[in-house]
Amino acid sequence: MYPEYMRESIKKVEQTRQKRLELAKSGKEVYPPMNAKEREEVLYKFHPDYREGARRVVRVGPNKGESLTTEVADLLEAHSRIKPELFDLTNPDYETDLLIIGGGGAGCAAALTAIEEGVNVIIVTKLRLGDANSMMSQGGMQAAVNPNDSPTIHYLDAIGGGHFDNKPELVKALVIDAPEVVKWLEELGVMWDKLPDGSLQTIHGGGTSRRRMLSCRDYTGAAIMRTLMDEVRNHPDKIKVIEFNPAIELIMDDKGQCAGAVIYNLETEEYSTIKAKATIIATGGFGRLHIRGFDTTNHYGATADGVVIAYRAGAKLLYMDSVQYHPTGAVFPEQIAGFLVTEKIRGAGGQPVNKDGELFVFPREPRDVESAAIIRECVERKKGVVTPSGRVGVWLDSPLIDMIHGEGFIKKQFPAMYRQFYRYGIDITKEPILVYPSLHYQNGGVEINEKCETNIPGLYVAGEASGGVHGRNRLMGNSVLDYNVFGRRAGRYAAEYAKKVKLGKLTLEHVKKYEKELEEAGIKTNRISPILLPLYTPEEVRKRQLTAHYEGTLR
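Residues numbered from 1 in each chain as written. Predicted model: local features only at pLDDT ≥ 70, side-chain atom pairs only at ≥ 80, totals over all residues. Heavy atoms only, no water.

**Student:** Any details on the overall build of the protein chain? Residues and values, ideally.
**Tutor:** A tally of helices and strands in the protein chain yields 17 helices and 20 strands. The C-alpha atoms of the protein chain give a radius of gyration of 23 Å, which matches the 24 Å a tight globule of 555 residues would have. If one aligns the C-alpha atoms of the protein chain with their principal axes, the spans along those axes are about 75 × 55 × 40 Å. In the protein chain, the proportion of contacts linking residues at least 24 apart, taken out of those at least 6 apart, comes to 74%. Summing over all exposed atoms, the protein chain offers an accessible surface of approximately 21800 Å²; the carbon and sulfur share of this is 48%. Averaging the coordinates of the 73 positive side-chain charges in the protein chain and doing the same for the 74 negative ones gives two points 2 Å apart. (Helix = DSSP H or I, 4+ residues; strand = E, 2+ residues; numbered from the N terminus. Rg over C-alpha atoms; globule rule 2.2 N^0.38 Å. Contact = heavy atoms within 4.5 Å. Areas by Shrake-Rupley, 256 points an atom, 1.4 Å probe, with all protein chains shown as cover. Lys, Arg positive; Asp, Glu negative; His and termini not counted. Charge placed at Lys NZ, Arg CZ, Asp CG, Glu CD.)

**Student:** Provide a residue-level description of the confidence of the model for the protein chain, including the pertinent values.
**Tutor:** For the protein chain, the mean per-residue pLDDT works out to 95, and 98% of the residues sit at or above 70. At the low end of the mean pLDDT range in the protein chain sits helix H17 (residues 539-544), at 72; at the high end sits strand E18 (residues 459-461), at 99. Contacts for the low-pLDDT stretch residues 547-555, under 50 throughout, to residues beyond four places or in other chains number 29 contacts. (pLDDT = per-residue confidence, 0-100.)

**Student:** Run through helix H11 (residues 367-379), naming residues and quoting values.
**Tutor:** In this model, H11 (13 residues) spans 18 Å end to end at C-alpha, consistent with the 18 Å of a helix rising 1.5 Å per residue. Taking burial as the measure, the 13 residues of H11 include twelve buried ones, the bulk of the element. Contacts made by the buried residues of H11 are with helix H2 (36-46), strand E12 (323-330), helix H10 (344-347), strand E13 (351-353), strand E15 (392-397) and strand E16 (433-442). (Expected span 1.5 Å × (residues − 1). Buried < 20%, exposed > 50% of the residue type's maximum accessible area, 1.4 Å probe, protein only.)

**Student:** Got a sec to walk through the packing of aromatic side chains? Specific residues and values, please.
**Tutor:** For the coordinates displayed, the defined rule picks out twelve aromatic pairs. Judged by centre distance (5.7 Å) and plane angle (75°), the rings of phenylalanine 87 and tyrosine 271 are edge-to-face. Taken as a pair, phenylalanine 87 in the loop between helix H3 (70-76) and strand E3 (94-101) and tyrosine 271 in strand E10 (residues 271-281) lie far apart in primary sequence, 184 residues in all. Under the relative-accessibility criterion, tyrosine 271 is labelled partly exposed at 32%. (Phe/Tyr/Trp six-rings, centres within 6.5 Å; stacked < 30°, edge-to-face > 60°.)

**Student:** Explain the side chain of threonine 297 to me, using residue names and the numbers behind them.
**Tutor:** Looking at the element boundaries, threonine 297 is found in the loop between E10 and helix H9 (305-313). Given the relative accessible area of 9%, threonine 297 is considered buried. In this structure threonine 297 touches Met136, Gly338, Phe339, Leu340, Ser438, Leu439 and His440, once residues within four positions along its chain are discounted.

**Student:** How would you summarise the state of the cysteines if you had to cite specific residues and measurements?
**Tutor:** Within this structure, the stated rule accounts for zero disulfides. Left unpaired, cysteine 258 is separated from the closest cysteine sulfur, that of cysteine 452, by 14 Å. (Disulfide = S-S within 2.5 Å.)

**Student:** Summarise the packing of helix H7 (residues 168-188) against helix H8 (residues 220-233); cite the residues concerned and give the values.
**Tutor:** When two helices pack together, their arrangement is given by the angle between the helix axes and by the axis-to-axis distance. The geometry of H7 relative to H8 is characterised by a closest axis approach of 10 Å and an angle of 65° between their N-to-C directions. H8 is crossed by H7, and the crossing has left-handed handedness. Here Trp184, Leu185 and Leu188 of H7 lie close against H8, whose contacting residues are Ile224, Thr227, Leu228 and Glu231. A per-class count over the contact of H7 with H8 returns five nonpolar, one polar and one charged. (Axes fitted to C-alpha atoms, helices over the stretch in contact; angles between N-to-C directions. Left-handed = near helix turned anticlockwise from the far one by under 90°. Nonpolar A, V, L, I, M, F, W, Y, C, P; charged D, E, K, R; others polar.)

**Student:** So, the nonpolar core: which residues are in play, and what are the values?
**Tutor:** Core analysis: the largest hydrophobic core is formed by 145 residues, its most contacted members being Leu76, Val121 and Phe486. In terms of residue count, helix H15 (residues 478-498) provides more of this core than any other element does, eleven residues in total. Each residue touching valine 121, except ones within four places of it in the same chain, is listed here: Thr96, Leu98, Ile100, Ala111, Ala114, Ile115, Lys238, Ile239 and Lys240. Counting residues in hydrophobic clusters, the runner-up holds twelve residues, among them Phe87, Leu89, Leu506 and Leu532. (Core = buried A, V, L, I, M, F, W, Y, C linked by side-chain atoms within 4.5 Å.)

**Student:** Provide a residue-level description of the sheet that holds strand E17 (residues 445-447), including the pertinent values.
**Tutor:** Spatially, E11-E17-E19 is the arrangement adopted by the three strands of the open sheet, whose pairing is mixed. The sheet is open, and its two edges are formed by strand E11 (317-318) and strand E19 (466-467), each paired on a single side. (Pairing = 2+ DSSP bridges.)

**Student:** I'd love a proper account of the pattern of salt bridges, names of residues and values included.
**Tutor:** Taken as a whole and assessed by the stated rule, the structure comprises 38 salt bridges. Across the salt bridge formed by glutamate 77 and arginine 59, the nearest N and O atoms sit 2.6 Å from each other. One end of the pair, glutamate 77, is in the loop between H3 and E3; the other, arginine 59, is in the loop between strand E1 (55-57) and strand E2 (67-69), with 18 residues separating them in the sequence. Relative accessible area serves as the criterion here: at 2%, glutamate 77 is assigned to the buried category. The exposure class assigned to arginine 59 is partly exposed, which follows from its relative accessible area of 38%. For aspartate 356, the salt bridge is made with lysine 383, and the minimal N-O distance between the two is 2.8 Å. Within this pair, whereas aspartate 356 is found in the loop between E13 and H11, its partner lysine 383 is found in the loop between H11 and strand E14 (385-386), the two being separated by 27 residues in sequence. Residue lysine 383 is classed as partly exposed on the basis of its relative accessible area of 24%. Members of the salt-bridge network, linked through shared partners, are Arg56, Arg59, Asp74, Glu77 and Arg527. (Salt bridge = Lys/Arg side-chain N within 4 Å of Asp/Glu carboxyl O.)

**Student:** Summarise the pairing of E3; cite the residues concerned and give the values.
**Tutor:** Counting buried residues along E3, six of its eight residues qualify, which places the element largely inside the surrounding structure. Note that E3 and E10 share seven bridges and pair parallel. Paired with tyrosine 94 across the two strands is isoleucine 274, which belongs to E10. Looking at chain direction, E3 and strand E4 (residues 121-124) are connected through four bridges and run parallel.

Dropping the structure here:
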């Protein structure tokens, strides 16, 4: 339950609620949306991407000389976990047609599509199959399925939301494939929310001009991920799953083609090698790097591994200077700090209000704008509510939702959200939720084309590890769509490639070359990457543990 000192602020929210409710029911805008100039101003002043130290120039690799998010540049300017000369690649431990690195939504969708092309697949995953951000998404998936909507309108929304920096061919693929993905998932067993007449239920999301958000209550990611994961398990003769074995380097051949990966067993601490005719990176994002010190909505293994190993092999990155912060991460109870409070709450009528109960921003601005406005309200205007540990947040007035849609709507449409807070004595049908932006999504990644190809032959990337689909800001629901659309595309095109490629001699020379580049750039560091798991051990403790390269080790 909320501390007693917060009750005065909650009373102010209750006092202004009726007036805000009447405005919401009138059909008028509850708060004027920002114009382009206002959006630009709030972003540049308050979005974390523009804070001092948020970016720096990377000194090695394909993006040398470009400004990237500082924590990402640090990871890229780090040593490999291995010494290449210790590996005998003439006798790999596994061989397959297609290697998929990552067992989340994109990886599973890729595997299921690839086996339809007649190839054999190995999925390697850091944790268990399905331990991924895909499982944790709540709000929904965008797709133009309504009569007043179209892929063209969806395209325009996504391009505008991404500040016109998206790669157009990727957005085109995203929106055109969307209705087919809805059908494919339903045929696999996903149970979309539907209206009494059997049509798909859709709601608004931030930055969208049409209702196109499909959902499975607020378990959308879990419903989709469970379905994909179960279907993967249904094909053990065609898909081999190796759990607790993250990939820590790609393997190349002497023709410059990607030819598999080195994996590391987290339990036995042994390395293995996999020879593959084609490789797909589907490792997700980087939330557990805690960019700029923010709490995160991401799962435990989200540490940018795929970006690191692809970059070291020579893959070009795109928009790795851009980070998405979800506007509404939980701030209290502090046991769940960073926990995602789905945008669907605002889509259903929940309103962000300050400590005085004042609505200060249009509830469905694009995510980066909404986040920046909340930060401004707390940091510049000092209108936030401080928690016992010193965090700060604004109220998301959730009780409005039942007042707009009828009693019981929250419990029916947001069962996970309701239970999550009720565990701590907070009834979100009667009390507002305290929120603040939370590190949520990796806007950039490895640059791909519409076939998910990178600049390295035989290397494909799908899902959050890729860059270019969302530009510099992703709209709600497009990530779930992204990993399904491009997971399927990667699986299809990688399988076609695998059936015709001829591999040369396997090599890890690129790792040696990268180490030499670090030396020539004068970079002296103890870091190693990929880090695999987040580093929550205090630095002073790591020093006392006397572990070599303590800054980047597992323990």
